[in-house]
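Chain by chain, the residues run as shown.
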Amino acid sequence: MFKRLLSPPEQSRAAKTVEIYGWIIFLEGGLLLLFPDFMARLMHFGPLNPQASGFLRLIGMLVSGFGMLYVLSGRLNAEGFVFATLIDSAIRRTDHGHAMLFGALAGPLALLFAIEDSASWLWALLTWRAERRT
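Residues numbered from 1 in each chain as written. Predicted model: local features only at pLDDT ≥ 70, side-chain atom pairs only at ≥ 80, totals over all residues. Heavy atoms only, no water.

### Quick notes on the packing of aromatic side chains
- Scanning all chains against the criterion turns up 4 aromatic pairs.
- A connected cluster of aromatic rings, assembled from ring pairs, spans Tyr21, Tyr70 and Phe81. (Phe/Tyr/Trp six-rings, centres within 6.5 Å; stacked < 30°, edge-to-face > 60°.)

Here is the structure:
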């Protein structure tokens, strides 16, 4: 199993898209974990108190964990997980909209997350469907 993680022998194109998206999520979470104050300024959150900084680090750890899950599932060619991401991504976009409506997430940030999710969903869907046709 570990050998497959280092060099996947037969990875579908859809699994590769999930892996790449996982690396993006992992990087975003890592930046939140390591540099919460910088990322807060970048996202126009304003200055953070120590508790808010700690919570942002916690969110970064959770996001990195999801990124690792995507990377590992893509590397291991987990077709069920690839399909599940197609369904999950649609649900996440509605979550972003609700968070923005209730004031829990800034509009530009919600839009950025929605664009990122939509692009990865479309890319995974198109590659998954192309593989099913061949």
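### A closer look at the environment of Leu58
- Assignment of secondary structure puts Leu58 in helix α4 (residues 50-75).
- In this structure the C-alpha to C-alpha distance between Leu58 and Gly29, which are 29 residues apart in sequence, comes to 9.3 Å. (Helix = DSSP H or I, 4+ residues; strand = E, 2+ residues; numbered from the N terminus.)

### Notes on the nonpolar core
- Ala14, Ala15, Val18, Tyr21, Ile25, Tyr70, Val82, Leu86, Ala124, Leu125 and Trp128 together form the largest nonpolar core, which totals 11 residues.
- Where this core is concerned, the elements lending two or more residues are α2 (13-34), α5 (79-101) and α6 (107-133).
- For this core, the element with the most residues is α2, which contributes 5 residues.
- Excluding residues within four positions of it along the chain, Trp128 makes contact with Ala14, Glu79, Val82, Phe83 and Leu86.
- Met39, Ala40, Met43 and Leu109 belong to the second largest nonpolar core, which has 8 residues in total. (Core = buried A, V, L, I, M, F, W, Y, C linked by side-chain atoms within 4.5 Å. Buried < 20%, exposed > 50% of the residue type's maximum accessible area, 1.4 Å probe, protein only. Contact = heavy atoms within 4.5 Å.)

### Considerations on the pattern of salt bridges
- A full pass over the atoms with the stated rule returns 3 salt bridges.
- Between Glu19 and Arg75 there is a salt bridge, with its nearest N and O atoms 3.0 Å apart. Linking Glu19 in helix α2 with Arg75 in helix α4, this pair joins segments that are 56 residues apart in sequence.
- With a shortest N-O distance of 3.1 Å, Glu79 and Arg132 are connected by a salt bridge. Within this pair, whereas Glu79 is found in helix α5, its partner Arg132 is found in helix α6, the two being separated by 53 residues in sequence.
- Where salt bridges share partners, they join Lys16, Glu19 and Arg75 into one cluster. (Salt bridge = Lys/Arg side-chain N within 4 Å of Asp/Glu carboxyl O.)

### Some points on the side chain of Glu19
- Residue classification places Glu19 among the buried positions, given a relative accessible area of 2%.
- One polar contact links Glu19 to Arg75, side chain to side chain, over a distance of 3.0 Å.
- Discounting chain neighbours no more than four positions away, the residues touching Glu19 are Gln11, Tyr70, Val71, Gly74 and Arg75. (Polar contact = N/O pair within 3.5 Å; in protein donor to acceptor, adjacent residues only side chain to side chain.)

### Considerations on the packing of α2 against α4
- Between α2 and α4, the least distance of the axes is 7 Å, while the angle of their chain directions is 160°. In terms of axis orientation, α2 runs roughly antiparallel to α4. Every pair of crossing elements has a handedness; the one defined by α2 and α4 is left-handed.
- Here the residues of the contact of α2 with α4 are counted per class, giving 17 nonpolar, 7 polar and 3 charged. (Axes fitted to C-alpha atoms, helices over the stretch in contact; angles between N-to-C directions. Parallel < 35°, antiparallel > 145°, perpendicular 65-115°, else oblique. Left-handed = near helix turned anticlockwise from the far one by under 90°. Nonpolar A, V, L, I, M, F, W, Y, C, P; charged D, E, K, R; others polar.)

### Notes on the environment of Gly54
- Looking at where Gly54 falls in the secondary structure, it is placed in helix α4.
- Exposure remark for Gly54: the relative accessible area of 35% places this residue in the partly exposed category.
- Note: C-alpha distance between Gly54 and Arg75 (21 residues apart in sequence) is 31 Å.

### With respect to the packing of α2 against α6
- At a minimum axis distance of 8 Å, the contact between α2 and α6 shows a crossing angle of 160°. With respect to α6, the axis of α2 lies roughly antiparallel. Crossing of α2 over α6 shows left-handed handedness. Where α2 abuts α6, its residues Arg13, Ala14, Thr17, Ile20, Tyr21, Ile24 and Glu28 lie against Glu116, Asp117, Ser120, Trp123, Ala124, Thr127, Trp128, Ala130 and Glu131.
- Of the residues in the contact of α2 with α6, the class split is 8 nonpolar, 3 polar and 5 charged.

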